[in-house]
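# Summary of structural features
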2 protein chains.
Amino acid sequence: MDAEAWRMRWLLLLLLLLLNKGVLGAADSPRPPNIVLLLMDDMGWGDLGVYGEPSRETPNLDRMAAEGMLLTNFYSANPLCSPSRAALLTGRLPIRNGFYTTNGHARNAYTPQEVVGGIPDSELLLPELLRKANYTSKIVGKWHLGHRPQFHPLKHGFDEWFGSPNCHFGPYDNRARPNIPVYRDREMVGRFYEEFPINRKTGESNLTQIYLQEALDFIKKHQTVQHPFFLYWAIDATHAPVYASRRFLGSSQRGRYGDAVREIDDSVGEILRLLQDRGIANNTFVFFTSDNGAALSSAPKEGGSNGPFLCGKETTFEGGMREPALAWWPGHIPAGWVSHQLGSVMDLFTTSLALAGLELPQDRVIDGLNLLPAMLQGQLIDRPIFYYRGNTLMAITQGEYKAHFWTWTNSWEEFTQGIDFCPGQNVSGVTTHTQEEHTLLPLIFHLGRDPGERYPLSFTSSEYQAALSMLGPAAQQHQKTLIPGQPQLNVCNPAVMNWAPPGCEKLGKCLTPPESVPEKCSWPH
Amino acid sequence: MDAEAWRMRWLLLLLLLLLNKGVLGAADSPRPPNIVLLLMDDMGWGDLGVYGEPSRETPNLDRMAAEGMLLTNFYSANPLCSPSRAALLTGRLPIRNGFYTTNGHARNAYTPQEVVGGIPDSELLLPELLRKANYTSKIVGKWHLGHRPQFHPLKHGFDEWFGSPNCHFGPYDNRARPNIPVYRDREMVGRFYEEFPINRKTGESNLTQIYLQEALDFIKKHQTVQHPFFLYWAIDATHAPVYASRRFLGSSQRGRYGDAVREIDDSVGEILRLLQDRGIANNTFVFFTSDNGAALSSAPKEGGSNGPFLCGKETTFEGGMREPALAWWPGHIPAGWVSHQLGSVMDLFTTSLALAGLELPQDRVIDGLNLLPAMLQGQLIDRPIFYYRGNTLMAITQGEYKAHFWTWTNSWEEFTQGIDFCPGQNVSGVTTHTQEEHTLLPLIFHLGRDPGERYPLSFTSSEYQAALSMLGPAAQQHQKTLIPGQPQLNVCNPAVMNWAPPGCEKLGKCLTPPESVPEKCSWPH
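Notes on the structure follow. Given the structure is predicted, the values throughout are model-derived calculations rather than measurements.

Another aspect to go through is the state of the cysteines. Between two cysteines, a covalent bond joining their sulfur atoms is known as a disulfide. Residue and element names in this part refer to chain A. On inspection of all chains with the given rule, the structure shows six disulfides over all chains. Paired through a disulfide, Cys-311 and Cys-422 show a sulfur-sulfur distance of 2.1 Å. Taking the sign of the torsion about the S-S bond as the criterion, the disulfide between Cys-311 and Cys-422, at about 100°, is right-handed. Residue Cys-311 is found in the loop between β9 (284–290) and α8 (318–321), and its partner Cys-422 is found in the loop between α11 (412–416) and β18 (436–437); the two are separated by 111 residues along the sequence. The pair formed by Cys-311 and Cys-422 is uniform in burial state, with each residue classed as buried. Cys-492 shares a disulfide with Cys-521; S-S distance 2.0 Å. With the S-S bond torsion at 105°, the cross-link from Cys-492 to Cys-521 turns out right-handed. With a gap of 29 residues between them, Cys-492 in strand β20 (residues 491–492) and Cys-521 in the segment after β21 (519–520) connect regions that are remote in the sequence. Neither residue differs from the other here; Cys-492 and Cys-521 are each classed as buried. Left unpaired, Cys-81 is separated from the closest cysteine sulfur, that of Cys-167, by 4.9 Å. Residue class for Cys-81 comes out buried when judged on its relative accessible area of 2%.

Note that the residue after A:Gly170, namely A:Pro171, is joined by a cis bond; omega there is -5°. Assignment of secondary structure puts A:Pro171 in the loop between β5 (160–164) and β6 (181–184). Here the residue pair B:Ala299 and B:Pro300 is connected by a cis peptide bond, since its omega of 0° sits within 30 degrees of zero. Position of B:Pro300 relative to the elements: it lies in the loop between β9 (284–290) and α8 (318–321). A positive phi angle, near 70°, is found at A:Tyr193, a position not held by glycine. Inspection of the secondary structure puts A:Tyr193 in the loop between β7 (187–191) and α6 (207–223). Even without a glycine there, the phi angle at B:Cys311 is positive, about 60°.

About the criteria used
Residues numbered from 1 in each chain as written. Chains lettered and ligands numbered in written order. Predicted model: local features only at pLDDT ≥ 70, side-chain atom pairs only at ≥ 80, totals over all residues. Heavy atoms only, no water. Disulfide = S-S within 2.5 Å. Helix = DSSP H or I, 4+ residues; strand = E, 2+ residues; numbered from the N terminus. Buried < 20%, exposed > 50% of the residue type's maximum accessible area, 1.4 Å probe, protein only.

None of this, on its own, says anything about what the molecule does.
See below:
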C-alpha cells in the first residue's frame, strides 16, 4: 500500500471514529469497552509463531495478530516480574511506585514470601480508577504486588481474585517455608502442591485450565450486565517450574516449555472465541503481552525464546525487556496492522483509562502513554523507553537508538556457578560480568540494523554524536526530575511468609510463623 | 482444526487432485505448470517479517507466505553459494556433483574467478531435463557454477541468461583482476562497475531493477505460448557488497542490507502480481529461498539475520544452512499452511521434475525429494539432512535431532584477525575454532527445544542413546554408499579469470590474460 492509500485509510478510520466516537468517551456512551489484559509470565518475544518461533505452535495467538495489531517494539517496565506488574497496574515506573531496592546498586528485586513490602496504599491502581466508570474487575493468576493481606488485590481495586500472591515455587515443607496459598477473593482456598498440585517430575498441573475457566466464567457472568468488565488474566504456566495439563504434556516440539505455550495458546483461543460467540468482541479490548523476557537461565526445559535479541530476564538488554504484544479489538483495531510504536506495559494503564473515558490522575507522574492513536490511527508517538535495574537507569531507547549507561549480566561468582542470563551469547564489553559504567560515553546501538546489540556505534562517528545528543538529554531530563518512591523491597522477614493467610482457619491450614527477624533482603543480581 | 477436520481436508484435496490430476502429469496434460525459483544470495532465515524480523519490512513476501506455504525447516545444501547452487540445479549433494575441494579437510570452496573447474558435463541440470517437457528456461542473475565458457548456463540447458558468472565483488583494476562480466545469453554485454555500476560508497546500483525487468519480460513473452517456462531468478543484492536502487536506499530501518531486502520484497511483489494479472498464477509454481545463511561476518551493514539460530554462512550450524522458504501456487498449495517438512534446495530439482511430469534420472543418485506430497497434502516425509563442509560430513539432522560429527567455525588465526562467523555467539565446545572431531560420540541437539544449538544432550541420557541409534546408522549408511564426484574446486589459475569472455571483442573489452600458472586453490575456512 503506498503512502496515499495509507493516508486515505487513516482518514476513513478517523471519520469512522468521529461517527462512532461514543465508543471512546464514557460521557457519550452508556458502556465503554470491556478490557482484557492477558499477561504472560517469563514469556519471550520469540515464543510465538508470528514472532518467528520455528515450531510455530501458536495458531490462536497468530490468528489474534492477524485479526488485530502486532507490536514489534513493546517493552516490559522491568526485566523482573513484580516491578513490571506493579508498573503495569500503576502506569508508573517501579522507581516511582516503590517496587525496587536500594540494598545494592542496580539489583533486581521482587516479592518472594519473606518480603515485608508491597504496593503502597498511596499508589492508584488501574482497577481502583476503573471503578469510576463502573467497571467490575477481576484478577486471575499471579498478583505479585505483595502477599501480606494489606497488599491484596481486593484492597487495591479488584472485585474478584482467583490465584496466588507469589510465584508457584515449591513444594516446601511448611516448616522452613510454607507453600504458596491460592486465594478466591479475600480468603485462601488451598496451597500449591497441596490442593492445587503441580507435579515437579512430570510437569503436570491443571492450573491453566482452572485459570481459563475462571476467565470464561467471569466473562459470561458480566457480558450481559450494563457495566463493563476488566479482566486481568495473569497466568504463570511459562514461569519455572513450567507446567501443563495432561492433554498438552508432550504435545509440543519444544518440550515442556512448549507444552505450556500450547496450552496458553489454546486458552487464549477459547477466550477470544467466547467473546466472539457472545457478540461482545467488538466491545472488548484485548491485549496480550508478558511481564519480562524469557528466563534463559531456565532454558531449554523451563525457559522460552527471545528470538534474535540479546540475553534474557534479569538483564536490560532487549531480550530482558522486549515483549510479544498483540492488540485485538475487532471493528476498531484494523486487522493485520503492525506497529513499530515504542510501547510499554505501563501504557496499558493509560490506554485502559482512555478506553474507559477517564482522566489520568493529576497528582502524580504517570509514565504510561495512551496507545489508542497508535492502535486506531497508526500514529507513531515519539517517546523514550527507560530500562531500570533496581535503583539504576541502565539504558534508554528513543527512536531507533538505545544507549546503555550501565552494563551488567550477573556477577562472575554467579556466572561461574552456572547461572547464565545470556547462554551461548557473549558480546565483548557489552555482556559484562562486572557492573560497567558508561554514563559519560554510553554504548549506543541502532536497534533497526542491530537488534541483537552486537555492534556498538563507533564513538567517533557522527551517527554516535547525533544519537547521543538525543538520548543523553532525554535521560538527564528524566533523572533530573525523578522523585523516587519509598523502596518496598529492602526488608525481609521470615515471619511475614504465607504461614497463616486469611481463611486458613476454615481450612485448618494455618501454620505457626517463626520469630520475627527483620533483615536486609539479599538481591544477588 | 482437529485431526478429523484435517483428515477431511486432505481427503478433499486428494479428490481434487485426482479429478484434476492432469496438472501433475505431463502425459495427461498439454501444459504442466510454469516454475519460478526465486533464489536469494546470503539471505538468512530471520530476514523476513514472517520469520520474525523485528522491523517487518517484507509485506510482499509475508503475503506470499499467507497465500501459500511457509516451510520452517528448509535447508541449503551447503553453507556456501556455489556448492548450494550446483546442488539445487543437479538435485545432488556437492560431494557427488563435484562442487567441493579436497585441498584441505572440511574446507568451504566456491567459484572465484581463478577457479579452473565448474559444473561437469556429466551432471544433468534441471533445465536440461525440463526440455523434455518443452520448458523454456531462463536464468537471471548469478550463475556460480563455473565462469569459463564450457560451464555457462546455455551449455547446461538454459535457453536464456542475463547475469554474471561470479559474485559482484570489485571494483578491480582489470590488471591484477578483471571486473566480472555480465552476460546476455552467450556473450558478455559489459562488466560490473563499468557498464553495470555498483557504487561501493553509497551502495547504489539498479541491478535488482534490471533483474526484475528481465524476469517480467520473460514471463510476459512466454505466458501466451503453448510451452511452459522455468525462470531461475538468482539475484544477489543481499550478498556483499550489498546494493539497492536509489528509490530504496535509506528506506529501511535496517540500513543498507534492509534497503536491499525491501527492493527484493518489492520485486517479488511485482512478479507475483504479474502472474496474477496475466491469469497464470494458478498454473505457476513459485518458490522463494536462499543459497545459504546470512553472512554474519559482514553484519550489520552488509549481512542479514539468522533469527534464533547459531552462527551463519560458512558454518554447518543452523544459521549457516536453515533458510527462509515459501511455496506459492494458488489453487494448489493451500493458503497459510505451515510445513515442518525437512526440505532442501535439492528438493527443488526433484519437485520441479515431478511438476513437469518427468521421471528422475535413473543412472545416478539424486538427493532431492519430491516435496509435492508435503505441499499439496500436508504429508511429513521422514528423511535426513546432511551438512557438509567441503569433503566432510559435519552433521546430520533427522526428525527433531541433529548430530554434529565435526564442529568448526573458523581458525583461531582468522578469528583473531576479526573474521567471525558467529558474532556475539559462543557456545563452549560447540562453536570451536579448531576442527573438533566427535564421530565416536557426536554432539546431539534437539532442534525443537533448542533451535539455537546451545544445549547438547547429555551423553548418558536415554534420549541421547535413542537419537544416536537413529542418526548414527543414517550417517553411516550415507557414507558407506557415497561415491564422491571428481572435486572441481581444487585447482586455481590466474589465467582462467574473466579476461576475455565471449563477446568481449565486439565491445572492445578483451583483456590480456597473464601466464598460465595452475596451482592449488587456497581455502582458509
